[in-house]
Amino acid sequence: MDKNILSIIKDRQFDDLQVLFAHMNAVDIADALEHSDAAAAVEAFRIVDERISSDVFSYLSADRQHAILGKLSDNEVMEIMEDLSVDDMVDFVEDAPDDVANRVFEAVSDEKSEIVDRILDYPDDSAGSIMTTEIVELAPLTTVKDALHTIRTSGVDKETIYTCYVIDDERKLIGAVTADTLLYSRLNESVGDLMDVNIISANVDDDREELATKFSKYDLLAMPVINRNDRLVGIVTIDDILRVITEEDTEDFSKIAGVKPTEVPYMKTGVLAHAKSRIIWLITLLVTAAVAGIVLGVFEDSLEQMAILVAFTPMLMGAGGNAGAQSATLVIRGMALGEIVKSDLAKLIWRETRIAIICAAILGLANFARIFLMYSGREYTVTLAWVVSLSLAITLIVSKTIGCALPIVAKQFKMDPAVMAAPLITAIVDCAALIVFYFIARSAFGI
């Protein structure tokens, strides 16, 4: 962020700021207001050109939006909200306090208020919750000339004019036609003759993650949304999908790290809230660590007779946990991208097992050589090297198998695969590594 702009806003040099804003796009203006003092940002927002003020408003954080809205008159609120796209207004109202939301609904037209209410009724993770109703609709008998006139007269208020959707008398979606097709066609041709009937669409109840997969697979900029009766109710655009992808990835990364997901930015989240989001998993891992302690207790007699075994315990547990986390992370990512499905479980285990065998062979030989050199001259050196190396190899194979299987099993039971990632897998593998190691050591050393 340009410090000069922030300084101008801070000093309230609004004449200079107006000149600067005239040569900036809405995103950069919003960024400047976001990083400015709240009171100065509210005043600066008032001098933003009214033609882009609603765009600037849509790019601001919820906190800054609420601060600005609280200082605006009812007429100013009405102008911004009427210009704001339906999906942006839905996002704002969804996070707004009840008094702010009520003020917004009172400011906008009844028609827009009803549309926003209807979208808010859809489940948060559905296609309906992120769609907009501002689309260009055409009838199949409409001529190209009339279609272009429709775009010119109403397109300014639509989310996109590149793709126009063709509906019948019952509002059922029957096709789509692009703006360039209309531009290059004869004026007397009908839209029905030009439209593409092979349309990729979504249902209002479809999961938005599945929607993101469709966008990627078919390389779409927008996708029509239909209801259970095949009637067109809106569209989802690529900007909404990019936001979904960002939110879902953030949520998955949080779960993989053992942190409760939150939509509030890191720097705006209080210390107590951060601690609360992490403590549940830390307590869970504390309990699982206690289980590992119980396993060690079972082999206490063996450890007393062969104390050297303790030195290799952290290495085995760490290697197993890392190996399992590797497999789990790749499988979770593959599932999110649609590359891996539940029916792939057997193939996945076979593939990861082969990968694990290769890794186990290399690490086992390297570890054997390391122990042989470090403990040479002792009567148990060769046996110790074989015990640790074999335990390491088996631990890696078990870890990678568990790591690849648990996310798919979680999906089978309608759980989030990310929950089965690094923290939980590490805890399970730690216990498995200890059991494998000490059973082999007992057999080899007769303890």
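Residues numbered from 1 in each chain as written. Predicted model: local features only at pLDDT ≥ 70, side-chain atom pairs only at ≥ 80, totals over all residues. Heavy atoms only, no water.

Peer 1: Tell me about the overall build of the chain, residues and numbers included.
Peer 2: A count of helices and strands for the chain gives 21 helices and six strands. Expressed along its principal axes, the backbone C-alpha trace of the chain runs to roughly 95 × 60 × 35 Å. Pairs at least 24 residues apart make up 67% of the contacts formed inside the chain by residues separated by at least 6 positions. A distance of 7 Å separates the average location of the 38 positive side-chain charges in the chain from that of its 69 negative side-chain charges. (Helix = DSSP H or I, 4+ residues; strand = E, 2+ residues; numbered from the N terminus. Contact = heavy atoms within 4.5 Å. Lys, Arg positive; Asp, Glu negative; His and termini not counted. Charge placed at Lys NZ, Arg CZ, Asp CG, Glu CD.)

Peer 1: An account of the nonpolar core is requested, with residue identities and associated values reported.
Peer 2: The biggest cluster of nonpolar side chains holds 56 residues, and the ones touching the most others in it are Leu33, Phe45, Leu69, Met81, Phe92 and Leu211. When sequence neighbours within four positions are dropped, the list of residues in contact with leucine 211 reads Ala127, Ile130, Ala202, Met223, Val236 and Ile241. Formed by 26 residues, the second largest nonpolar core is a distinct cluster that contains Met306, Leu392, Phe437 and Tyr438. (Core = buried A, V, L, I, M, F, W, Y, C linked by side-chain atoms within 4.5 Å. Buried < 20%, exposed > 50% of the residue type's maximum accessible area, 1.4 Å probe, protein only.)

Peer 1: Can you tell me about the sheet that holds strand 5 (residues 222–226), naming the residues and giving the values?
Peer 2: An order of 4-5-6 is seen for the three strands of this open sheet, with the pairing classed as mixed. Where the open sheet ends on each side, the last strands, each with one partner, are strand 4 (202–203) and strand 6 (232–237). Sheet strands in contact with helix 14 (residues 208–218) are strand 4, strand 5 and strand 6, and its direction is about 135 degrees off that of strand 5. (Pairing = 2+ DSSP bridges. Axes fitted to C-alpha atoms, helices over the stretch in contact; angles between N-to-C directions.)

Peer 1: An account of the sheet that holds strand 2 (residues 163–167) is needed here, citing residue identities and associated values.
Peer 2: The strands making up a sheet associate through backbone hydrogen bonding, with each pair oriented either parallel or antiparallel. Strand order across the open sheet formed by three strands is 1-2-3, with mixed pairing between neighbours. Two strands in the sheet have a free side with no partner beyond their single neighbour: strand 1 (137–138) and strand 3 (173–178). One ladder, built from five bridges, connects strand 2 with strand 3; its direction is antiparallel. Paired with valine 166 across the strands is glycine 175, a residue of strand 3.

Peer 1: Describe unusual backbone geometry, naming the residues involved and giving the relevant values.
Peer 2: Its identity as a non-glycine residue notwithstanding, aspartate 219 has a phi of 55 degrees, on the positive side. Along the chain, aspartate 219 falls in the loop between helix 14 and strand 5. Under the relative-accessibility criterion, aspartate 219 is labelled exposed at 69%. A positive phi angle, near 65 degrees, is found at aspartate 230, a position not held by glycine. The residue aspartate 230 is located in the loop between strand 5 and strand 6 in this model. Given a relative accessible area of 42%, aspartate 230 falls into the partly exposed group.

Peer 1: Could you give an account of the packing of helix 7 (residues 74–83) against helix 9 (residues 98–107), with specific residues and numbers?
Peer 2: For the pair helix 7 and helix 9, the least separation of the axes is 9 Å and the interaxial angle reads 80 degrees. Considering the angle they form, helix 7 stands roughly perpendicular to helix 9. Contacts between helix 7 and helix 9 pair Asp74, Val77, Met78, Met81 and Glu82 from the former with Arg103, Val104 and Ala107 from the latter. Taken together, the residues that form the contact of helix 7 with helix 9 break down as five nonpolar, no polar and three charged. (Parallel < 35°, antiparallel > 145°, perpendicular 65-115°, else oblique. Nonpolar A, V, L, I, M, F, W, Y, C, P; charged D, E, K, R; others polar.)

Peer 1: Could you give an account of a negative patch on the surface, with specific residues and numbers?
Peer 2: Among the surface-exposed residues, Glu50, Asp55, Glu79, Glu82, Asp83 and Asp157 lie close enough to one another that they form a single negatively charged patch. The element that contributes the greatest number of residues to the negative patch is helix 7, accounting for three residues. Examined against the element boundaries, aspartate 55 turns out to sit in helix 5 (residues 53–59). On the basis of relative accessible area, aspartate 55 is assigned to the partly exposed category, the value being 38%. (Patch = residues over 30% accessible without salt bridge, like charges linked within 9 Å, V, L, I, M, F, W, Y side chains within 5 Å. Areas by Shrake-Rupley, 256 points an atom, 1.4 Å probe, with all protein chains shown as cover. Salt bridge = Lys/Arg side-chain N within 4 Å of Asp/Glu carboxyl O.)

Peer 1: Requested: an account of helix 3 (residues 26–34), with residues and values cited.
Peer 2: Three or more residues of helix 3 are buried, namely Ala26, Ile29, Ala30, Ala32 and Leu33. Down the axis of helix 3, the smallest arc covering the buried residues is 160 degrees, so these residues share one side. If you check the start of helix 3, you find a side-chain oxygen 3.1 Å away from the backbone N of valine 27, and it comes from asparagine 25. (Arc of directions from axis to C-beta. Polar contact = N/O pair within 3.5 Å; in protein donor to acceptor, adjacent residues only side chain to side chain.)

Peer 1: Explain helix 9 residue by residue, including any values.
Peer 2: Side chains of residues three or four places apart in an α-helix project in the same direction, reflecting 3.6 residues per turn. Where helix 9 is concerned, the buried positions are Val100, Ala101, Val104 and Ala107. Projected down its long axis, helix 9 carries its buried residues within an arc of 125 degrees, all on one side. Opposite the buried face of helix 9, at more than 90 degrees from it, the exposed residues are Asp98, Asp99 and Glu106. The inward-facing, buried residues of helix 9 contact helix 6 (62–71), helix 7 and helix 8 (86–95).

Peer 1: How would you explain the pattern of salt bridges if you had to name every residue and give the values?
Peer 2: Summed over the entire model, instances satisfying the criterion amount to 12 salt bridges. A salt bridge links glutamate 43 to arginine 12; the shortest N-O distance between them is 3.0 Å. One end of the pair, glutamate 43, is in helix 4 (residues 38–45); the other, arginine 12, is in the loop between helix 1 (3–10) and helix 2 (14–21), and 31 residues separate them in sequence. The residue aspartate 205 makes a salt bridge to arginine 228 at a minimum N-O spacing of 2.8 Å.

Peer 1: Describe the environment of isoleucine 408, listing the residues and the values that go with them.
Peer 2: Mapped onto the elements, isoleucine 408 comes out in helix 20 (residues 381–412). Relative accessible area serves as the criterion here: at 2%, isoleucine 408 is assigned to the buried category. Here the alpha-carbon distance between isoleucine 408 and lysine 342, two residues 66 residues apart in the chain, equals 5.8 Å.

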